[in-house]
Amino acid sequence: MHVGIAGAGLLGRLLAWRLSTRGHRVTVFDPAPDAGPPQPGSVYAAGWTAAGMLSPLAELECADAHVARLGLRSLDLWQTIVAQLPGEVYFHRQGSLLLAHRPDVGAAQRLLDLLRSKAPGGMQPRPLPLAKLRAMEPSIHGSAQAWLLEQEGQIHTVQAMLALAAGASAQGVQWHWGQAVTQVAPGRIEAGGRTHGFDWVFDARGLGARPDLPVRGVRGEIFWLHAPGVQLLRPTRLLHPRWRVYIVARPGDLIVVGASEIESEDRSPVSVRTTLGLLSAAHSVIPELAEARIVHSESNLRPALPDNLPMIDTRTGLTRLNGLFRHGWLIAPAIVEDALSQVPGLEAGSPEQVTA
């Protein structure tokens, strides 16, 4: 089939790579100038900004059991996908940590009760004695209680975005960079002043899908810290009463700290409030970060629908994917597989991948 894709963010790249590896002819349209990392001051996909935590249980705070199941399936799918992509993509699945300071233990327990009540079978936070925590993560100090979420993991989002584009290009995908899509219809994409016809169209534009979808942007802000000597094997979340602070290590002595969640579509640089709040909270559990250097800060908008849940809308000739909110990297592979399974003639994947 000849498939058109509107949008080259995370969903668009996953779709392009998956479809092209199955022998379909794929054409992608996106306003970005090329497949590389975004330039400062430009508007770009939320997938570039995310810390890359793959946390189906922890995300139940703002999701439902369906999202958790999508996340669990996507963790297995990511392992398969990363093994097939060109170049290096940092992917680890050694669990994640929840931490709480002593004054916040009561609030943390209420959150843990919520997670337990919503979790699918077999998914439960495991209390972690502090001596065991220090043996597992020597750089973490200061928290009063800790919990291990054994099935969770992380992915290097920038490496994965680049590798997905490179892998799709190697399969012959045609990229139309610098062309914003102005209209999407069954079997048709309008971009660059022309109408392009296809056997099937996927709309994966996120906020670009307005006004066709009631999607809004939710602001998030992150920092990259250069922190030589800090050792962190597992993505870590501090259960702070004001912030849910994520601390994620990346190769090259980088620590990513994020991410605020603000009901605003402001794309301006990171605020002083966020800088003080997130970095102080991160320092409170990893004191070595006091000498880290801020090498990058970034804000971006997550695409969210009114119910904050993902959407797959399929009708003849057109599939719309949107509303991944803060769960994009967590659920994207399963969302793509489910979307492809709804289209006659587009194989959903090998049995091993689907059942994983």
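Note that this is a predicted model, so its numbers are computed, not measured.

Calculation criteria
- Residues numbered from 1 in each chain as written.
- Predicted model: local features only at pLDDT ≥ 70, side-chain atom pairs only at ≥ 80, totals over all residues.
- Heavy atoms only, no water.
- Helix = DSSP H or I, 4+ residues; strand = E, 2+ residues; numbered from the N terminus.
- Rg over C-alpha atoms; globule rule 2.2 N^0.38 Å.
- Buried < 20%, exposed > 50% of the residue type's maximum accessible area, 1.4 Å probe, protein only.
- Contact = heavy atoms within 4.5 Å.
- Lys, Arg positive; Asp, Glu negative; His and termini not counted.
- Charge placed at Lys NZ, Arg CZ, Asp CG, Glu CD.
- Pairing = 2+ DSSP bridges.
- Axes fitted to C-alpha atoms, helices over the stretch in contact; angles between N-to-C directions.
- Core = buried A, V, L, I, M, F, W, Y, C linked by side-chain atoms within 4.5 Å.
- Left-handed = near helix turned anticlockwise from the far one by under 90°.
- Nonpolar A, V, L, I, M, F, W, Y, C, P; charged D, E, K, R; others polar.
- Phe/Tyr/Trp six-rings, centres within 6.5 Å; stacked < 30°, edge-to-face > 60°.
- pLDDT = per-residue confidence, 0-100.
- Expected span 1.5 Å × (residues − 1).
- Bend = angle between axes of the 7 residues up to and from the residue.

Enquirer: How should I be thinking about the overall build of the protein chain in this particular structure?
Expert: Of the regular secondary structure elements, the protein chain holds eight helices and 20 strands. A compact globule built from 356 residues should have a C-alpha radius of gyration of about 21 Å, and the protein chain, at 20 Å, falls within 12% of that. Counting all 356 residues of the protein chain, 56% fall into the buried class. Partitioning the intrachain contacts of the protein chain with sequence separation of at least 6 by distance along the chain shows that 76% fall at a separation of at least 24. Charged side chains in the protein chain number 32 positive and 31 negative. The centres of these two groups are separated by 3 Å.

Enquirer: How do you make sense of the sheet that holds strand 10 (residues 181–185) when you look at a structure like this?
Expert: Hydrogen bonds between backbone atoms are what pair the strands of a sheet, whose relative direction is either parallel or antiparallel. Spatial ordering of the open sheet is given by 10-11-12, a layout of three strands whose pairing is antiparallel. In this open sheet, the two strands that pair with only one neighbour each are strand 10 and strand 12 (194–197). Pairs of neighbouring strands in the sheet enclose a mean axial angle of 20°, with direction left out of account. Pairing between strand 11 (residues 188–191) and strand 12: four bridges, direction antiparallel.

Enquirer: Please clarify how the nonpolar core should be interpreted in this entry.
Expert: One recurring pattern in soluble globular proteins: nonpolar side chains tend to sit buried together. Of all hydrophobic cores here, the largest spans 61 residues; its most connected members are Ile5, Trp78, Ile155 and Phe202. It is helix 7 (residues 328–341) that provides the largest number of residues to this core, a total of nine residues. Core analysis: the next-biggest nonpolar cluster, separate from the first, contains 29 residues, Leu133, Ala146, Leu232 and Trp243 among them.

Enquirer: Even after reading the chapter, I still don't get the packing of helix 1 (residues 10–21) against helix 5 (residues 157–170), so can you show me in this structure?
Expert: Packed helices, taken two at a time, are described by their axes: the angle between them and the distance between them. The contact between helix 1 and helix 5 brings their axes to 8 Å, and the two run at 35°. Where helix 1 crosses over helix 5, the handedness of that crossing is left-handed. Contacts from Leu10, Arg13, Leu14, Ala16, Trp17 and Ser20 of helix 1 reach helix 5 at Met161, Leu162, Leu164, Ala165, Gly167 and Ala168. Partitioning the contact of helix 1 with helix 5 into residue classes produces nine nonpolar, two polar and one charged.

Enquirer: How do you make sense of the environment of proline 269 when you look at a structure like this?
Expert: Here proline 269 lies in the loop between strand 17 (254–258) and helix 6 (272–285). Spatially, the C-alpha atoms of proline 269 and serine 299 are 6.1 Å apart, while their sequence positions differ by 30 residues. Residues contacting proline 269, with those up to four places away along its chain left out, are Arg219, Glu221 and Ser299.

Enquirer: Explain the packing of aromatic side chains to me, please; I cannot follow it from the model alone.
Expert: The relation between two aromatic rings is expressed through the spacing of the ring centres and the mutual angle of the planes. Scanning the model with the defined rule gives three aromatic pairs in all. On the basis of an interplanar angle of 75° and a centroid distance of 6.2 Å, the ring pair of phenylalanine 29 and phenylalanine 198 is categorised as edge-to-face. With phenylalanine 29 in strand 2 (residues 25–30) and phenylalanine 198 in the loop between strand 12 and strand 13 (200–203), the pair connects residues that are 169 residues apart, well separated along the chain. Accessibility assignment for this pair places phenylalanine 29 and phenylalanine 198 in one class, buried. Geometrically, the ring pair formed by tryptophan 175 and tryptophan 177 is stacked, given 5.2 Å between the ring centres and 10° between the ring planes. Under the relative-accessibility criterion, tryptophan 175 is labelled buried at 18%.

Enquirer: What is the right way to read the sheet that holds strand 8 (residues 153–155) from this model?
Expert: An order of 3-8-4 is seen for the three strands of this open sheet, with the pairing classed as antiparallel. Lying at the two open borders of the sheet, with one neighbouring strand each, are strand 3 (53–54) and strand 4 (91–92). As defined by bridge partners, strand 3 adjoins strand 8 across two bridges and the pair is classed as antiparallel. Paired with leucine 54 across the two strands is glycine 153, which belongs to strand 8.

Enquirer: Got a minute to help me understand the confidence of the model for the protein chain in this structure?
Expert: In regions of low pLDDT, the predicted coordinates are not meant to be interpreted in detail. With 97% of its residues at a pLDDT of 70 or more, the protein chain has an overall mean of 94. A low-confidence stretch, residues 348–356 stays under pLDDT 50, and its non-local contacts, those more than four residues away or across chains, total 15 contacts.

Enquirer: Quick question: what am I supposed to make of helix 2 (residues 65–84) here?
Expert: Structurally, the α-helix is built with 3.6 residues per turn, so residues lying three or four positions apart point the same way. Compared with the 28 Å implied by 1.5 Å per residue over 20 residues, the 29 Å span of helix 2 between its first and last C-alpha is a close match. For helix 2, every residue scored as buried is listed here: Val67, Ala68, Leu70, Gly71, Leu72, Arg73, Ser74, Leu75, Leu77, Trp78, Ile81 and Val82.

Enquirer: Whenever I open this one, helix 7 confuses me. Can you help?
Expert: Its 14 residues place the ends of helix 7 19 Å apart at the C-alpha level, agreeing with the 20 Å of an ideal helix rising 1.5 Å per residue. The largest bend in helix 7 comes to about 25°, at alanine 334. Along helix 7, the residues that are buried comprise Gly328, Trp329, Leu330, Ile331, Ala332, Pro333, Ala334, Ile335, Val336, Glu337, Ala339 and Leu340.

Enquirer: Where do I start with the pairing of strand 7 (residues 145–149) in this structure?
Expert: Successive side chains on a regular strand alternate, one facing one side of the sheet and the next facing the other. Of all five residues making up strand 7, four are buried, and the element is well covered by its neighbours. The sheet contact formed by strand 5 (residues 96–100) and strand 7 spans five bridges and is antiparallel. From the neighbouring strand, serine 96 faces strand 7, where its bridge partner is leucine 149. Where strand 6 (residues 126–127) and strand 7 come together, two bridges link them in antiparallel fashion. Bridge assignment links proline 127 to a residue of strand 7, and that residue is tryptophan 147.

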